[in-house]
Amino acid sequence: MHYENGKIWLTRGNRHKNYLKIDGYDRELVYLENGPPGGGGGNSSVFRVVTDDGYTPDYAIKICNYPEDSRDGRDLRRVRRFEHEIEANIRAVKASLESKVIQLITDGRLQISKRTFRYFLMPKADGNLGQHLDREELGVPAKLLLCRNIFETVNQLHKIDIYHRDIKPGNFMMFGNTVKVGDLGLCAFRDEESDLDRGDWHIGPF
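Conventions adopted
- Residues numbered from 1 in each chain as written.
- Predicted model: local features only at pLDDT ≥ 70, side-chain atom pairs only at ≥ 80, totals over all residues.
- Heavy atoms only, no water.
- Helix = DSSP H or I, 4+ residues; strand = E, 2+ residues; numbered from the N terminus.
- Buried < 20%, exposed > 50% of the residue type's maximum accessible area, 1.4 Å probe, protein only.
- Contact = heavy atoms within 4.5 Å.
- Expected span 1.5 Å × (residues − 1).
- Arc of directions from axis to C-beta.
- Core = buried A, V, L, I, M, F, W, Y, C linked by side-chain atoms within 4.5 Å.
- Phe/Tyr/Trp six-rings, centres within 6.5 Å; stacked < 30°, edge-to-face > 60°.
- Lys NZ or Arg CZ within 6 Å of the ring centre and 35° of its normal.
- Pairing = 2+ DSSP bridges.
- Axes fitted to C-alpha atoms, helices over the stretch in contact; angles between N-to-C directions.
- Salt bridge = Lys/Arg side-chain N within 4 Å of Asp/Glu carboxyl O.

## Structural notes on the side chain of D75
Piece 1. Looking at the element boundaries, D75 is found in helix α1 (residues 73-94).
Piece 2. Residue D75 is classed as buried on the basis of its relative accessible area of 17%.
Piece 3. The contact partners of D75, leaving out residues within four places of it in the chain, are Y66 and S70.

## A short note on helix α3 (residues 140-159)
Piece 1. With 20 residues, α3 ought to run about 28 Å at 1.5 Å a step, and its terminal C-alpha atoms sit 28 Å apart, in line with that.
Piece 2. Along α3, the residues that are buried comprise L146, I150, T153, V154 and L157. Buried residues of α3 fall within an arc of 90 degrees about the axis and therefore sit on the same side. Opposite its buried face, α3 presents the exposed residues V140, P141, L144, R148, F151 and K159, each directed more than 90 degrees away.
Piece 3. Looking at the packing, one finds that the buried side of α3 touches α1, α2 (129-135), β10 (162-163), β11 (172-175) and β12 (178-181).
Piece 4. In the stretch just after α3, D161 is the one whose phi turns positive, near 70 degrees.

## What to know about unusual backbone geometry
Piece 1. The residue S113 is not glycine, and still its phi comes out positive at about 50 degrees.
Piece 2. Relative to the assigned elements, S113 resides in the loop between β7 (106-112) and β8 (115-123).
Piece 3. Its identity as a non-glycine residue notwithstanding, D183 has a phi of 55 degrees, on the positive side.
Piece 4. Secondary-structure assignment places D183 in the loop between β12 and β13 (188-189).

## A short note on the nonpolar core
Piece 1. Within the largest apolar cluster, 17 residues are counted, with the highest numbers of intra-cluster contacts made by L157, I162 and F172.
Piece 2. Within the residue set of this core, elements represented by two or more residues are α1, α3, β11 and β12.
Piece 3. Looking at this core element by element, the count peaks at four residues for α3.
Piece 4. Leaving out residues up to four positions away in the same chain, I162 has contacts with A88, R91, L157, L184, C187, A188 and F189.
Piece 5. Counting residues in hydrophobic clusters, the runner-up holds 16 residues, among them I8, L20, F47 and F117.

## So, the packing of aromatic side chains
Working definition: an aromatic ring pair is given by the centre-to-centre distance plus the angle between the planes.
Piece 1. Counted by the stated rule, this structure contains three aromatic pairs.
Piece 2. Aromatic side chains Y31 and F47 sit 5.7 Å apart centroid to centroid with 40 degrees between the ring planes, which places their arrangement in the tilted category. You can see Y31 sitting in strand β4 (residues 25-31) and its partner F47 sitting in strand β5 (residues 44-50), a full 16 residues away along the chain.
Piece 3. Judged by its relative accessible area of 0%, F47 is buried.
Piece 4. The positively charged end of K7 is found above the aromatic ring belonging to W9, 3.9 Å away from the centroid.
Piece 5. Above the ring of F175, the side-chain terminus of K180 is found at 5.3 Å from the ring centroid.

## Focus: the sheet that holds strand β3 (residues 19-22)
Piece 1. Judged by pairing direction, the sheet is antiparallel, and its six strands sit side by side in the order β3-β4-β5-β6-β8-β7 without closing on themselves. The open sheet has two edge strands, β3 and β7, and neither has a second partner. Pairs of neighbouring strands in the sheet enclose a mean axial angle of 40 degrees, with direction left out of account.

## Some remarks on the pattern of salt bridges
One side chain can pair with another of opposite charge once the charged atoms of both are near each other.
Piece 1. Considering all chains together, one arrives at 14 salt bridges under this definition.
Piece 2. For K62, the salt bridge goes to D183, with nearest N and O atoms at 3.3 Å. Taken together, the residues span a long stretch of sequence, with K62 in strand β6 (residues 59-64) and D183 in the loop between β12 and β13 at a distance of 121 residues.
Piece 3. Given the relative accessible area of 31%, D183 is considered partly exposed.
Piece 4. For R118, the salt bridge is made with E83, and the minimal N-O distance between the two is 2.7 Å. With R118 in strand β8 and E83 in helix α1, the pair connects residues that are 35 residues apart, well separated along the chain.

Dropping the structure here:
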């Protein structure tokens, strides 16, 4: 894989170049099925982590699109926002909300094109809520249950002083019929002053 123009790309035609060492093990990265084109989002890229033993479940890896050694102030704020997301997930799990949020398996740093990037590893979901609703014909009771679970999750995050601020179907992930909140990259912590939102940052979906 390689990094260019603020984007992380997988190398075509040579899968061995898409191997990364994660927690001491070599893992191949591939694009997610039904994921964003090229695996990229606004602030990060998400890929599927393929294992070779046939027993270990596949994971997903989320990599910040901006290197830690960037000299651009705005890019460094994006790196800090990625760190913010990791902290929010850790807080949620410590508050026993692991059944409501996507629990991080590990986090660390990767070397890509001689640059250093933050990442975290997480269970691979079956898809997001929007994709689930497109695939499944749900009755009113099932839809109401989904809505209730989403409301309870957001409410419990508020109780531990986390505001998601990016509520949309693409940020809720499905594990079977269980919905979990994901993408806390734009979240805010109550009573914590931060300069992450200064300037021309847009918070949440349009």
